[in-house]
Amino acid sequence: MQVSMQIQYDGNAVESARRVSTLEKAGLDHVWVPEAYGYDAPSFMGYIAARTGNVHIGSGIMPLFTRTPTLLAMTAAGVDALSHGRCHLGLGTSGPGVIEGWHGVPFTDPLGRTREAVEIMRKVWSREEPVRYEGRSHRLPLPAPEGSGLGTAMKLLTPPVRASVPVWIAALGPRNVRMTAEIAEGWLPMFFVPEWSDRVWGEDLRAGLAKRAPSLGPLRISAGGLLAIGPSAHRVRERARRQLALFIGAMGTAGHNFYGALVRRYGFGRAADRIQHLYTAGDRAAAEAAVPDRLLEATTLCGTEDYVKERLAAYREAGVTHVQVAPVPGEGQTEAGLVSRLKELCN
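Note that the structure is a prediction, hence the values are computed from the model and not measured.

About the cut-offs
Residues numbered from 1 in each chain as written. Predicted model: local features only at pLDDT ≥ 70, side-chain atom pairs only at ≥ 80, totals over all residues. Heavy atoms only, no water. Helix = DSSP H or I, 4+ residues; strand = E, 2+ residues; numbered from the N terminus. Rg over C-alpha atoms; globule rule 2.2 N^0.38 Å. Buried < 20%, exposed > 50% of the residue type's maximum accessible area, 1.4 Å probe, protein only. Contact = heavy atoms within 4.5 Å. Areas by Shrake-Rupley, 256 points an atom, 1.4 Å probe, with all protein chains shown as cover. Lys, Arg positive; Asp, Glu negative; His and termini not counted. Charge placed at Lys NZ, Arg CZ, Asp CG, Glu CD. Polar contact = N/O pair within 3.5 Å; in protein donor to acceptor, adjacent residues only side chain to side chain. Axes fitted to C-alpha atoms, helices over the stretch in contact; angles between N-to-C directions. Parallel < 35°, antiparallel > 145°, perpendicular 65-115°, else oblique. Left-handed = near helix turned anticlockwise from the far one by under 90°. Nonpolar A, V, L, I, M, F, W, Y, C, P; charged D, E, K, R; others polar.

## Observations regarding the overall build of the protein
So, step 1. Summing up its helical and strand segments, the protein has 14 helices and 12 strands in all.
So, step 2. In summary, the protein has a C-alpha radius of gyration of 20 Å against a globular reference of 20 Å for 347 residues, a match within 12%.
So, step 3. Out of the 347 residues in the protein, the part that is buried amounts to 51%.
So, step 4. Across the protein, contacts joining residues at least 24 apart in sequence account for 73% of those joining residues at least 6 apart.
So, step 5. In the structure as shown, the protein presents an accessible area of about 16,200 Å², 53% of it carried by carbon and sulfur atoms.
So, step 6. Each charge sign in the protein was given a centre, from 39 positive and 34 negative side chains, and these centres are 1 Å apart.

Written as C-alpha cells, this is what we have:
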C-alpha cells in the first residue's frame, strides 16, 4: 500500500506545502488537497507541485458542479504538466448546502452529471477529435435555442503530458459506488471500515467492476483515518469524535446526509439519529459524546505498532491501495518519523 494524507486546507497554505515537502522525504506517496468553501484546490496543487518532486498530488475533492467538465479537464492537464505527470483528479458532487448555498448552482442529477463529466474529460485529454457531446446535463457545442447556436467544437489547445489523468470519485451511496467502480480509476470513501466494507458496499462494487473497462486497471482505493502509534496512542482516537459528530450531525439534512446514511448501514442507526438531533439543537459536546466508541475505533488507526499492523492488514485485505492517514505524533515522535514508520509497516 502507498501512504497518503489529506493536507490541511483551512490554515496557512504556504506552511502546509512546506510540510508536504518534508513528508515527501519521509516516504509520503500521495497528498490530497481538499476544496470546500475556502481557497480553491488547483492553486494549492500547483504550488505543491513547485515545492516537491515525487509526491503525487490529488484534489480531494473538487466539487464537479462548480466547473464545466472541460474546465476540469483543462485544470487537471495544467497541474499534470506543472507536476510532470503527478496529478490525480479527485471529484465529488458535494451536497446542496454548498452547491446551492455557496455557488448558487442547482443540485440536480448528481450521478448523471458525474458520469457525463468523466466521459467529456477523457475526450478532452485524448485530443483525438474536436469534443462533441450530447448528454442530459451537458451538450457540446451548445445548440440553439439553448445558446446562440454559434458554438464551435474544439480540441484542447495544449497537448497534455498524459493521455488521461487518473480520476478518483468520492462516493458513499450504493448507486454512486457502483458507478465509481465502473468508470473511475480510484475511489475515495470517507469513514471506510475495512471489516464492514464488503457487507455495506461489496455487492455494488462487484456490479460496477463487472462493467469496468480493462484499460482502467484495478480500482484504487484511498481510505484510512487518524494515525497514532505507541502504548498510549489509543487515547488519540478521541480527537476523531469532533469530525464524526460534525459529518453525521451537520453535513446535510435529516433526509439528505450521506455520512449519517453510511453510519446507519454500519448498524448505528440510533446513534446517528441522536448525534444529528443533538448537533442541530446546538449541543455539540453531547453530540460528540454520543459517537459510539466502537465506531470511533473502527474509523481510526491508533494503538500499539502491532495493533496498527493488524489494521493495515485489514485495509489491504479490503482492497485499499492508498492508506490515507492524519498522523498525530506522540511524545518523542515527529510527523515525518511517523509517516516513515507507517511506510515501513505498509511494505
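After presenting the structure, the write-up continues.
## Here we look at the environment of R67
So, step 1. With respect to the helices and strands, R67 occurs in the loop between β4 (62-63) and α3 (69-82).
So, step 2. Accessibility expressed as a relative area gives 14% for R67, which makes it buried.
So, step 3. With 246 residues separating them in the primary sequence, R67 and A313 have C-alpha atoms 38 Å apart.
So, step 4. The residues contacting R67, other than those within four sequence positions of it, are E35, D40, P42, M62 and L72.
So, step 5. A distance of 2.9 Å separates a polar atom in the side chain of R67 from a polar atom in the side chain of E35.

## Notes on the packing of α3 against helix α5 (residues 110-126)
So, step 1. At their nearest, the axes of α3 and α5 sit 8 Å apart, and the two run at 50° to each other. Considering their axes alone, α3 and α5 lie oblique with respect to each other. Seen from above, α3 lies across α5 with right-handed handedness. Seen from α3, the contacting residues are P69, T70, L72, A73, A76 and A77; seen from α5, they are A117, I120, M121, V124 and W125.
So, step 2. A class-by-class count of the residues in the contact of α3 with α5 yields 10 nonpolar, one polar and no charged.

Geometry only, nothing functional implied.
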